[in-house]
Amino acid sequence: MTVESYRIALAGNPNTGKSTLFNLLTGLRQHTGNWPGKTVLRAEGSFTYRSRNFQVIDLPGTYSLYSNSADEETARDYIIFEKPDVTVVVLDATALERNLNLALQVMEMTDRVIVCVNLIDEAKRKGIVVDDRKMAARLGVPVVKISARNQEGVDALLDTVFRMVTGEMKARPVQVRYSAATENKISRLVPRIQSLIGPDVPARWIALRMLDGDRSLLDSLKAHWMSRGKGDGEVEHDISRSV
Amino acid sequence: MVRGKVVPFSDMPEGVSARIVRLDVEGTMRRRLLDLGFIPGAVIEVLRKSPLGDPTAFRVSHTTIALRREESSKIFGEVIGG
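Residues numbered from 1 in each chain as written. Chains lettered and ligands numbered in written order. Predicted model: local features only at pLDDT ≥ 70, side-chain atom pairs only at ≥ 80, totals over all residues.

Visitor: Describe in detail the interface of chain A and chain B, supporting the description with residues and values.
Guide: By a widespread convention, an interface's size corresponds to the accessible area lost as its parts come together. On the chain B side, the residues contacting the nine residues of chain A number nine residues. Residues belonging to the side of chain A that touches chain B are distributed by class as follows: three nonpolar, four polar and two charged. (Contact = placed C-beta atoms within 7 Å. Nonpolar A, V, L, I, M, F, W, Y, C, P; charged D, E, K, R; others polar.)

Visitor: I'd like a description of the packing of helix H7 (residues 180–197) of chain A against helix H8 (residues 203–211) of chain A, backed by residues and values.
Guide: All names here are of chain A. In the contact formed by H7 and H8, the axes pass within 8 Å of each other and the chain directions differ by 120°. Viewed along their axes, H7 and H8 adopt a mutual orientation that is oblique. Judged by the sense of rotation from one axis to the other, the crossing of H7 with H8 is right-handed. Residues Thr 182, Lys 185, Ile 186, Leu 189, Val 190, Ile 193 and Gln 194 of H7 lie in contact with H8, whose contacting residues are Ala 203, Arg 204, Ile 206, Ala 207, Leu 208, Met 210 and Leu 211. Looking at the contact of H7 with H8 residue by residue, the class counts come to ten nonpolar, two polar and two charged. (Axes fitted to C-alpha atoms, helices over the stretch in contact; angles between N-to-C directions. Helix = DSSP H or I, 4+ residues; strand = E, 2+ residues; numbered from the N terminus. Parallel < 35°, antiparallel > 145°, perpendicular 65-115°, else oblique. Left-handed = near helix turned anticlockwise from the far one by under 90°.)

Visitor: Tell me what's going on with the sheet that holds strand E2 (residues 17–23) of chain B, and back it up with residues and numbers.
Guide: All names here are of chain B. Pairing is antiparallel in the open sheet, where six strands are placed in the order E1-E6-E2-E3-E4-E5. The two strands at the open ends of the sheet, each matched to only one other strand, are strand E1 (6–8) and strand E5 (63–67). Here the strands of the sheet are splayed against their neighbours by 45° on average, with no regard to which way each runs. The pairing of E2 with strand E3 (residues 43–49) spans three bridges and is classified as antiparallel. Each bridged residue has a counterpart across the sheet, and for Arg 19 the counterpart in E3 is Val 43. (Pairing = 2+ DSSP bridges.)

Visitor: So what's going on with the pairing of strand E6 (residues 75–81) of chain B? Which residues, and what values?
Guide: Residue and element names in this part refer to chain B. As paired elements, E1 and E6 share three bridges and run antiparallel to each other. Paired with Val 6 across the strands is Glu 78, a residue of E6. By the bridge criterion, six bridges tie E2 to E6 in an arrangement that is antiparallel. Each bridged residue has a counterpart across the sheet, and for Ser 17 the counterpart in E6 is Gly 81.

Visitor: For the sheet that holds strand E3 (residues 41–49) of chain A, give the residues involved together with the corresponding values.
Guide: Residues and elements named next belong to chain A. The seven strands are arranged E2-E3-E4-E1-E5-E6-E7 in an open sheet whose pairing can be described as mixed. Since the sheet does not close on itself, it has two edges, and those belong to strand E2 (30–34) and strand E7 (143–145), each with one partner. Strand after strand, the sheet turns through a mean of 25° between neighbouring axes, direction not considered. As paired elements, strand E1 (residues 5–12) and strand E5 (residues 86–92) share five bridges and run parallel to each other. Each bridged residue has a counterpart across the sheet, and for Leu 10 the counterpart in E5 is Val 88.

Visitor: An account of the domain arrangement of chain A is requested, with residue identities and associated values reported.
Guide: Residue and element names in this part refer to chain A. Each domain of chain A was delimited in the assignment, giving domain 1 (5–165) and domain 2 (180–242). A C-alpha centroid distance of 26 Å is found between domain 1 and domain 2. Between domain 1 and domain 2, the residue contacts involve nine residues of the former and nine residues of the latter. Among the elements that take part in the side of domain 1 that touches domain 2, helix H2 (residues 70–82) stands out by supplying four residues, more than any other. Residues of the side of domain 1 that touches domain 2, tallied by class, amount to four nonpolar, two polar and three charged. (Domains from an automatic or database assignment.)

Visitor: Describe the UniProt feature "domain: Ferrous iron transporter FeoA-like" (unreviewed entry) in chain B, listing the residues and the values that go with them.
Guide: The UniProt record marks residues 7–79 of chain B with the feature "domain: Ferrous iron transporter FeoA-like" (unreviewed entry), using the residue numbering of this structure. The straight-line gap between the two end C-alpha atoms of residues 7–79 of chain B is 8 Å; of that span, 19% is helix and 42% is strand. (UniProt positions renumbered as here; feature names shortened; annotations may be inferred.)

Visitor: Before we move on, could you go through the pairing of E5 of chain B and cite the residues and values that matter?
Guide: All names here are of chain B. Pairing between strand E4 (residues 56–60) and E5: five bridges, direction antiparallel. Within the sheet, the bridge partner assigned to Ala 57 lies in E5 and is Ala 66. Here E4 hands over to E5 after two residues, with Ser 61 in that stretch at a positive phi of 30°.

Put into structure tokens, the structure is as follows:
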């Protein structure tokens, strides 16, 4: 493809209607396969909006991105290394408490986040009122209510996506503050991570994963930078030493 | 069950609701349980035990999740009803 296209990643818990949204956006313009080296389904599609091309990647449905499984690892690596132009986190309006866990995790990884509250029709039936403005103010990211099933709110979602990819709108995701001891360790690690890997990675998030003893992430980091020709071992060694 | 008593969820009969007090698990399993909504302070209901008593289905923030005794015996809750 010679025409530039924006990449949208869809993240969300299982059963939030993420794939319904994916199908609605891409229609028949989609194809599926496996993620390289993994038995995890990769669904990709495209659409055109305001004469721009958009590529949509339907990430595996997960409760978390802390790599408890191949699914979580795949979704995590895509957001960290492939850096989509925007990540839309699809939430189930009837189970926000559970779903927001993932949203907060994505907000630690990137500031190009839109929270999409789906199944709003079902919530209404159950008497649940979702205050999207209040949510947006508290989270620091745009919040759009939709019902993918009834094709409601999709225009507003696309408009928000468009504004974010074109830089017209910027999100400032609220960051979870941890205990003083943890924050102290984070602030010691962050400059080291930045000087080693550069500004392209969410250093705070990587520091947190390291403090959590996340081996799988270090492995992914190493694999990623080795494939880009960065000295092997070096990254891991230096980072491990600074923990 | 006696209200206010702190017991592992594996020892609670069907129909009991309890507020999680603590998780005696570390590492990825702890992370996993937290991700699923087994968070200190959360109210969990014991929905059903399978015929042989294991696993047990729990109601956690509007979702049903089954745990084996191996996990549920390490989650402690204060009985609040049922």
